[in-house]
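# Coordinates in review
Residues per chain, in single letters:
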Amino acid sequence: MQRNKSVLLGTATLLSLALLLVLQTPSVEADRLQPKGYRETVEKLQKYYVKFEDKVSREFRRWKEEGTMSQHFRQLIQASAIGKSERAQEIRELPTTREGPLCAICRGFGGSVLEFRREGASREEVYNTTVELCTMLNLQEESICRGLIELNIDTILYIVDNRPDLTSASLCAVVFQSGACVLDDSTFTDWQVDVDSNGTPVTASKAGTAQRGPNDLKIVQITDLHFDPNYRTGYNAECGAPACCRESQGIPEDTSAAAGHWGDYRNCDTPWNAIEDLIDRVAEEHSDADFVYHTGDIIDHGIWETSIGYNVRSINRVISKLRDTFPETPVYNILGNHEAHPTNVYELGEVTRPDFSTNWLYHLSADLWSHWLPRAAQQTIRLGGYYTALVRPGFRIIALNNNDCYTFNWWILFQPDALKGQLQWLHDVLLQAEQAGEKVHILAHLPISSDCFSVWQREYRRILERFRDTISAQFHGHTHKDEFNVFYASENPEFAVGVAWNGGSGTAHTNVNPNYVVYYVNPETYEVTDFESYAYNLTSANLTPDERPDWFRMYSFQEEYGLSDLSPAGVDELIQRLGTPAGRDELRRYWEYKVKLADASLVSDCTEDCLLNHLCEIVTNQADDLRKCQELSDTFFD
Ligand SMILES: [Zn+2]
Ligand SMILES: [Zn+2]
């Protein structure tokens, strides 16, 4: 952490050097941690960032007026170019030292394009300009830039044209939402859910889950299958695109770059044979499962070339397979950010243009999911892709479509308070459940912590806190990691109020083994008493392509950590232990399971800073609330 600070402070001395150095600080590892004095450092550097943005804006103008790029502009672009390893990462996984530079790059270039459009540039001019910048900034290869911009440009232009008060500062702050890219715009922050006032203040961590028992329900979670119909064994796994191993990418000369039969650790999704194997394996080995939770991301990472027809075909194929395999076992499905076309873009119901509508996906889902759902669920699925179902007397599922809060969902920029609709519905259903004495499981694709818009996170936490006694568990996907999150009360952050479990992924994208999870659930409280994660080693599986993968029980959470129980209070005890030097070995094991013992991840060590960061990820559920992380940092090293 000291290291980050000195890099930042040292660069503050000379402007030109500072710009180059600050912009090119190499990416080391994921970072939730803010080094001491971070805020002051960011403030000091702010004037350099502003100068940088002005320069970019001036040189951009010259480029457009004179038709050629100045040498200086090329230098600015070069200094801003993104490292290849950064491309594939989620914003939240980038190191703290990159927060300021990335925000300045976004404001500089993004702001220039915004002005360019508002001064009358045509769609074609904006398209050509952004393709050129995207390629030169190394955001993606040119063909990928072209595809991505073609798919997204109309939405973005509509928003820019119809929201004239939208600034690049707000735009970048919403997308990056880091300590160096702060949102100062009340149209984004001044809305809230109407929360029932009969709640009680949090005065203790939520306790009391029973131990695993013989009558526990068994629930299997399958998530993030990312089926790629274009996957071909032996094709190029090192193609540089967000999805490789595809037919159009050819067979590599170097055989070490060839895609494996059961999947590949590199940027590759899942071949059909691996999807079938996983689903069949669940049915064969867990035929006594009471339910299946399938938490989204059926579609591959070919985000630059999706289409509605393409997505419909993949979704149909996977859901049909689930229906054929589990005719009697209820499967509760939700949507992932990849199901939408364009990827991540979920219209919020405020715009009537049919070409922007997400209705095709909602109607498709209502039809495909209905096999396992009560009729009444259809109404909200057709409205916004979410629903509730009473599974048995006293036990209810609430299935959210929280992909709307993903900071890459451009529609947040158009009307942020439109996010309120589904959250208010969540609140109202929980209130009715509370009055009926029901317990609830919430299913949502995006972990609350995972690049969800911070105001949405804030409001979700208010609801969770109010209904902490009704919500027995939360289940997420999206990160492809075997991990969990603990929620703490906003006013009294010493008390844990909820836990969310992440099912990992069926895909090996990227550097993880495929897995699924079996939960044991108390039949009265509906709290999770234990879970087991099942995985296979992809390296070994690919050595014997003719044999089905050798699935094994990776671990039982209860056995591994020896908890009194898996309630928020019980899991908080574990967090306290992991936050001290004595808990280091356990924390390392947590990280190893998090990547599902994948060879491709275990080859690079996780340093102490890296481990602390993984611990921080468990307890940070709101982008602008790092208190629990700071608290754990204080006890971590001594
Ligand atoms: Zn995913
Ligand atoms: Zn996802």
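None of these values were measured; they are calculated from a predicted model. In this numbering scheme, every chain counts its residues from 1 along its sequence in written order. Each chain gets a letter, beginning with A, and each ligand a number, beginning with 1, in the order they are written. Only residues with pLDDT of at least 70 are given local features in this predicted model, and only at 80 or more are side-chain atom pairs given and counted; all residues enter the totals for whole chains, interfaces and linings.

### A few points about the overall build of the protein chain
Elements are defined by DSSP. Helices are runs of H or I of four residues or more, strands are runs of E of two residues or more, and each kind is numbered from the N terminus. What the protein chain contains, in helices and strands, is 24 helices and 12 strands. As a reference, a globule follows 2.2 Å times the number of residues to the power 0.38, and the radius of gyration itself is taken over C-alpha atoms. Its C-alpha atoms give the protein chain a radius of gyration of 24 Å, near enough to 26 Å, the size a compact globule of 638 residues would have. Judged by the C-alpha coordinates and their principal axes, the protein chain covers about 75 × 55 × 50 Å. We call two residues in contact whenever the C-beta atoms placed from their backbones are within 7 Å. By sequence separation, contacts in the protein chain at least 24 residues apart represent 73% of the contacts at least 6 residues apart.

### Looking at the packing of helix 16 (residues 420–435) against helix 17 (residues 454–466)
Helices that pack against each other are described as a pair by the angle of their axes relative to one another and the distance between those axes. One can describe the packing of helix 16 onto helix 17 by two numbers: an axis separation of 10 Å at closest approach and a directional angle of 0 degrees. The pairing of helix 16 with helix 17 is recorded here as roughly parallel in orientation. Contact with helix 16, carried on its side by Leu423, Leu426, His427 and Leu430, involves Glu459, Tyr460 and Ile463 of helix 17 and no other residues of that element. Lys, Arg, Asp and Glu make up the charged group, whereas Ala, Val, Leu, Ile, Met, Phe, Trp, Tyr, Cys and Pro make up the nonpolar group; the residues left over, Gly among them, are polar. By residue class, the composition of the contact of helix 16 with helix 17 is 5 nonpolar, 1 polar and 1 charged. Only the stretch in contact is used when a helix axis is fitted, and all axes are lines through C-alpha atoms; the angle between N-to-C directions ranges over 0 to 180 degrees. Note that the term roughly parallel is reserved for angles under 35 degrees, roughly antiparallel for angles over 145, roughly perpendicular for angles of 65 to 115, and oblique for everything else.

### Structural notes on the sheet that holds strand 3 (residues 331–333)
On the basis of which strands lie adjacent, the open sheet formed by 6 strands has the order 3-2-1-10-11-12 and mixed pairing. The outermost strands of the open sheet, each flanked by one partner alone, are strand 3 and strand 12 (552–556). With strand direction ignored, the average angle separating the axes of adjacent strands in the sheet is 25 degrees. At least two bridges found by DSSP between two strands is the condition for calling them paired. When strand 10 (residues 515–521) meets strand 11 (residues 528–535), the two strands line up antiparallel, connected through 7 bridges. When the sheet's bridge partners are listed, valine 518 is paired in strand 11 with glutamate 532.

### A word on the UniProt feature "binding site: Zn(2+) 2" (unreviewed entry) in the protein chain
UniProt positions are given in the numbering used here, feature names are shortened, and annotations may be inferred rather than shown by experiment. The residues that UniProt annotates with the feature "binding site: Zn(2+) 2" (unreviewed entry) are Asp297, Asn337, His445 and His478. In sequence the annotated residues extend across 182 residues, while in space they remain close, none of their C-alpha pairs exceeding 8.3 Å. Relative to the elements of secondary structure, histidine 445 occurs in the loop between strand 6 (439–443) and helix 17. In this scheme the burial state of a residue depends on its C-beta neighbours within 10 Å: 20 or more other such atoms mean buried, 12 or fewer mean exposed, and anything in between means partly exposed; the C-beta positions come from the backbone. Of the residues examined, histidine 445 has 26 C-beta atoms within 10 Å and is grouped as buried. Residues within four places of histidine 445 in sequence aside, it is in contact with Thr295, Gly296, Asp297, Ile334, Leu335, Gly336, Asn337, Asn402, Asn403, His476, Gly477 and His478. Histidine 478 has contacts with Asp224, Asp297, Gly336, His445, Leu446, Pro447 and Ser450, leaving out every residue within four places of it along the chain.

### Some details on the nonpolar core
Within the largest apolar cluster, 153 residues are counted, with the highest numbers of intra-cluster contacts made by Ala399, Leu400 and Leu443. With 7 residues, helix 3 (residues 38–66) is the single largest residue contributor to this core. Segment limits for the domains were obtained from an automatic or database-derived domain assignment. Of the domains in this structure, domain 1 (14–187) and domain 2 (217–231 + 269–635) are the two that each give at least three residues to this core. Residues contacting leucine 400, with those up to four places away along its chain left out, are Ile334, Tyr386, Gln422, Leu426, Ile442, Leu443 and Ala444. Only buried residues count toward a nonpolar core: Ala, Val, Leu, Ile, Met, Phe, Trp, Tyr and Cys, linked into one set through C-beta atoms within 7 Å. Membership of the second largest hydrophobic core comes to 16 residues, among which are Leu148, Tyr235, Ala241 and Cys244.

### Quick look at the sheet that holds strand 7 (residues 471–476)
With mixed pairing, 6 strands are arranged side by side in an open sheet as 4-5-6-7-9-8. Each edge of the sheet is formed by a strand with only one pairing partner; in this case those strands are strand 4 (387–392) and strand 8 (484–488). Taking the axes of each pair of neighbouring strands and ignoring which way they run, one obtains an average angle of 20 degrees across the sheet. In this structure, strand 6 lies alongside strand 7, joined through 4 bridges in parallel fashion. Residue valine 440 lies in a different strand from strand 7, and its bridge partner there is isoleucine 471. Along the sheet, helix 16 contacts strand 4, strand 5 (395–399) and strand 6; its crossing angle with strand 5, the most-contacted strand, is approximately 180 degrees.

### Side note on the pairing of strand 8
The buried fraction of strand 8 amounts to 5 of the 5 residues, a majority that puts the element mostly inside the structure. Residues Phe484, Val486 and Tyr488 line one face of strand 8 and the alternating positions Asn485 and Phe487 line the opposite face, and both faces are buried.

### Quick word on the environment of asparagine 403
Mapping asparagine 403 onto the fold places it in the loop between strand 5 and helix 15 (411–414). Of the residues examined, asparagine 403 has 28 C-beta atoms within 10 Å and is grouped as buried. Taking the C-alpha atoms as reference points, asparagine 403 and valine 429, separated by 26 residues in sequence, lie 19 Å from one another. Contact partners of asparagine 403, with chain neighbours within four places excluded, come to Leu335, Gly336, Asn337, Ala340, Tyr346, Asn409, His445 and Leu446.

### With respect to helix 12 (residues 308–325)
Along an α-helix, residues three or four apart share an orientation, since each turn contains 3.6 residues. One fewer than the residue count of a helix, multiplied by 1.5 Å, yields its expected span. Compared with the 26 Å implied by 1.5 Å per residue over 18 residues, the 26 Å span of helix 12 between its first and last C-alpha is a close match. Where helix 12 is concerned, the buried positions are Asn311, Ser314, Ile315, Val318, Ile319 and Leu322. Angular distribution of buried residues about the axis of helix 12 spans 115 degrees; they occupy a single face of the element. Seen from the buried face of helix 12, the exposed residues on the opposite side, beyond 90 degrees, are Gly309, Arg313, Ser320 and Asp324. It is the directions from the helix axis to the C-beta atoms whose arc is reported.

### Quick notes on unusual backbone geometry
Residue proline 342 follows histidine 341 across a cis peptide bond; omega there is -10 degrees. For proline 342, the position within the fold is in the loop between strand 3 and helix 13 (359–369). Here the amide bond leading from histidine 509 into threonine 510 is cis, since omega sits at -15 degrees, within 30 degrees of zero. Mapped onto the secondary structure, threonine 510 falls in the loop between strand 9 (496–502) and strand 10.

### Structural notes on helix 4 (residues 71–80)
Turning to helix 4, its buried residues number three or more, namely Leu76, Ile77 and Ser80. Looking straight down helix 4, one finds that the buried residues subtend no more than 95 degrees of arc, so they occupy a single side.

### Some remarks on the environment of histidine 338
Mapped onto the fold, histidine 338 is located in the loop between strand 3 and helix 13. Residue histidine 338 is classed as buried on the basis of its C-beta count, with 25 C-beta atoms lying within 10 Å. Put simply, histidine 338 and histidine 478 are 140 residues apart on the chain and 9.6 Å apart in space, counted from C-alpha to C-alpha. In contact with histidine 338, not counting residues within four places along its chain, are Asp297, Ile299 and Thr343.

### As for the environment of glycine 199
Mapped onto the secondary structure, glycine 199 falls in the loop between helix 10 (186–189) and strand 1 (217–222). Take glycine 199: there are 14 C-beta atoms within 10 Å of it, and that puts it in the partly exposed class.

### Describing the domain arrangement of the protein chain
Looking at the assigned domains, one finds that the protein chain contains domain 1 (14–187) and domain 2 (217–231 + 269–635). Each of domain 1 and domain 2 has a C-alpha centre, and these two points are 31 Å apart. Taken together, the contact pairs 25 residues of domain 1 with 27 residues of domain 2. Those elements that place two or more of their residues in the side of domain 1 that touches domain 2 are helix 8 (142–162) and helix 9 (168–176). For the side of domain 1 that touches domain 2, the leading source of residues is helix 8, giving 8 residues. Among the residues forming the side of domain 1 that touches domain 2, the class breakdown is 13 nonpolar, 6 polar and 6 charged.

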